[in-house]
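What the coordinates show
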Amino acid sequence: MAFFSCLTAYFLGSIPNGLWLGKLIWHVDLREHGSHNIGATNAWRTLGKGPGLLIFLLDFFKGALSVWVACAMAGTPLVMVLAGVFAILGHSCSIFLKFKGGKGVATGLGVIVMLMPLTALFVFLVWLVLVKWSGYVSLASIAAAALVPILAGVGGYPFEYIAFGAVAACFVIVRHHANIHRLLNGTESKIKAGHH
Ligand code: G3P
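Every value quoted in this text rests on a predicted model; they were computed, and no experiment measured them. (Residues numbered from 1 in each chain as written. Predicted model: local features only at pLDDT ≥ 70, side-chain atom pairs only at ≥ 80, totals over all residues. Heavy atoms only, no water.)

Digging into the pattern of salt bridges
What counts, and what does not: Salt bridge criterion: a side-chain nitrogen from Lys or Arg within 4 Å of a carboxyl oxygen from Asp or Glu. Burial classes follow relative accessibility: with a 1.4 Å probe on protein chains only, a residue under 20% of its type's maximum area counts as buried, one over 50% as exposed, and anything between as partly exposed.
Following the criterion strictly, the structure yields three salt bridges and no others. Two residues, R31 and D29, come together in a salt bridge whose shortest N-O distance is 2.9 Å. Among the residues examined, R31 registers a relative accessible area of 37% and is labelled partly exposed. Owing to a relative accessible area of 12%, D29 belongs among the buried residues under this scheme.

Quick look at the UniProt feature "transmembrane region" (unreviewed entry) in the chain
Rule in force here: UniProt positions are given in the numbering used here, feature names are shortened, and annotations may be inferred rather than shown by experiment. Only runs of H or I of at least four residues qualify as helices and only runs of E of at least two qualify as strands under DSSP, and these elements are numbered from the N terminus.
As annotated in UniProt, the feature "transmembrane region" (unreviewed entry) corresponds to residues 65-89, 109-130 and 161-178 in the numbering used here. From the first C-alpha to the last, residues 65-89 spans 15 Å; its make-up is 88% helix and 0% strand. Along residues 161-178, the helical share is 94% and the strand share 0%, with 28 Å between the first and last C-alpha atoms.

Things to note about the site of the ligand
Basically, it comes down to this: Here, proximity means that at least one heavy atom of the residue falls within 4 Å of the molecule or strand. A 3.5 Å cut-off defines polar contacts: any pair of N or O atoms within that distance qualifies, except that in protein one atom must be a possible hydrogen donor and the other a possible acceptor, and neighbouring residues in sequence count only when both atoms are side-chain atoms. Areas reported here follow the Shrake-Rupley algorithm with a probe of radius 1.4 Å; residue values treat only the protein chains shown as occluding. Note on definitions: the grid is 1 Å and covers protein atoms alone; a cavity is a set of points where a 1.4 Å probe fits but cannot get out; a pocket is an open set with protein on both sides within 12 Å along at least five of seven lines; lining residues have an atom within 4 Å of a point. Molecule-in-pocket calls rest on the fraction of atoms, with more than half required to lie within 2 Å of the cavity or pocket grid points. Each residue gets one of three labels, nonpolar for Ala, Val, Leu, Ile, Met, Phe, Trp, Tyr, Cys and Pro, charged for Asp, Glu, Lys and Arg, and polar for the others, Gly among them.
Close to the ligand lie S35, N37, T41, N42, R45, K103, V105, V137, S138, S141, H176 and N179. With respect to the ligand, the side chain of K103 contributes an N or O atom lying 2.5 Å from an oxygen atom. In this structure, an oxygen atom belonging to the ligand sits 2.8 Å away from a side-chain N or O atom of S141. About the coverage of the ligand: the protein hides 94% of its 310 Å² of free accessible area. More than half of the atoms belonging to the ligand lie within 2 Å of the grid points that define the largest pocket. Counting residues per element, the ones that place at least two in the shell around the ligand are α3 (40-47) and α8 (137-154). Its residues placed into classes, the shell around the ligand shows two nonpolar, eight polar and two charged.

Let's talk about the packing of helix α5 (residues 77-92) against helix α6 (residues 105-115)
The condition that has to hold: What counts as an axis is a line fitted to C-alpha atoms, over the stretch in contact for a helix, and the angles between N-to-C directions run from 0 to 180 degrees. The scheme is simple: roughly parallel for angles under 35 degrees, roughly antiparallel for over 145, roughly perpendicular for 65 to 115, oblique for anything else. A contact between two residues is defined here by any heavy atoms of the two lying within 4.5 Å.
It is the contact of α5 with α6, at a shortest axis distance of 9 Å, that shows an interaxial angle of 170 degrees. Our classification of the angle between α5 and α6 gives roughly antiparallel. Two secondary-structure elements touch here, α5 through M80, V81, G84, A87, I88 and H91 and α6 through T107, G108, V111 and L115. Taken together, the residues of the contact of α5 with α6 sort by class into six nonpolar, four polar and no charged.

Observations regarding helix α1 (residues 2-14)
So the rule is basically this: Multiplying one less than the number of residues by 1.5 Å gives the expected span of a helix.
With 13 residues, α1 should cover 18 Å at 1.5 Å per step; its first-to-last C-alpha distance of 18 Å lies within 8% of that length. The elements touched by buried residues of α1 are α4 (49-73) and α5.

Regarding the nonpolar core
Definition in use: What is meant by a nonpolar core is a set of buried Ala, Val, Leu, Ile, Met, Phe, Trp, Tyr and Cys residues, joined one to another through side-chain atoms within 4.5 Å.
Core analysis: the largest hydrophobic core is formed by 29 residues, its most contacted members being V111, I112, L115, M116 and F164. Contributing elements (two or more residues each) for this core: α4, α5, α6, α7 (117-134), α8 and α9 (159-175). In contact with M116, other than residues within four places in its own chain, are V148, A152, Y157 and Y161. By size, the runner-up hydrophobic cluster in this structure holds seven residues, among which are L21, V28, A40 and I55.

As structure tokens, this is what we get:
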């Protein structure tokens, strides 16, 4: 059961919504624009608010559905956590993109909504405030990711969930290495509401 739920999560996570819908609907390859990322932020930046929100929801759904399937198949914290890990891995190392992909933020949020809803809500609110305040989605994502294991610990969640939070946070932060470099040298681009 663990094997099948991890496999399902990996395939679900691998679906590159931003890339495929960008090409299909808007005839735009996100990898050739903005940050070159296939995630919701670059979809918002390149295609606009609506497409950005749509990609966010679809990528979020991949994470949530993966954990839901694992819950239905096995229901143990460890199998649900493993499904979450494989969903994020699928998103970032997609089978459809020669093991390349996004940064795992929206998919990761979908995972933690299922595992730790209160932590997810709080982290999302912090992320929103930081995006509004700084204009840098990457900065908000890095800070929000770092908060997950801390809040999971404070919230008294099972050890597996706290460990997941720590591993996922490290992964998401490493995936932002180019953003961190740009933030430090002042070349990171800010997000603008409704920008096309
Ligand atoms: O979720 C990814 C976000 O934190 C940064 O996206 O396109 O600015 O690299 P981007």
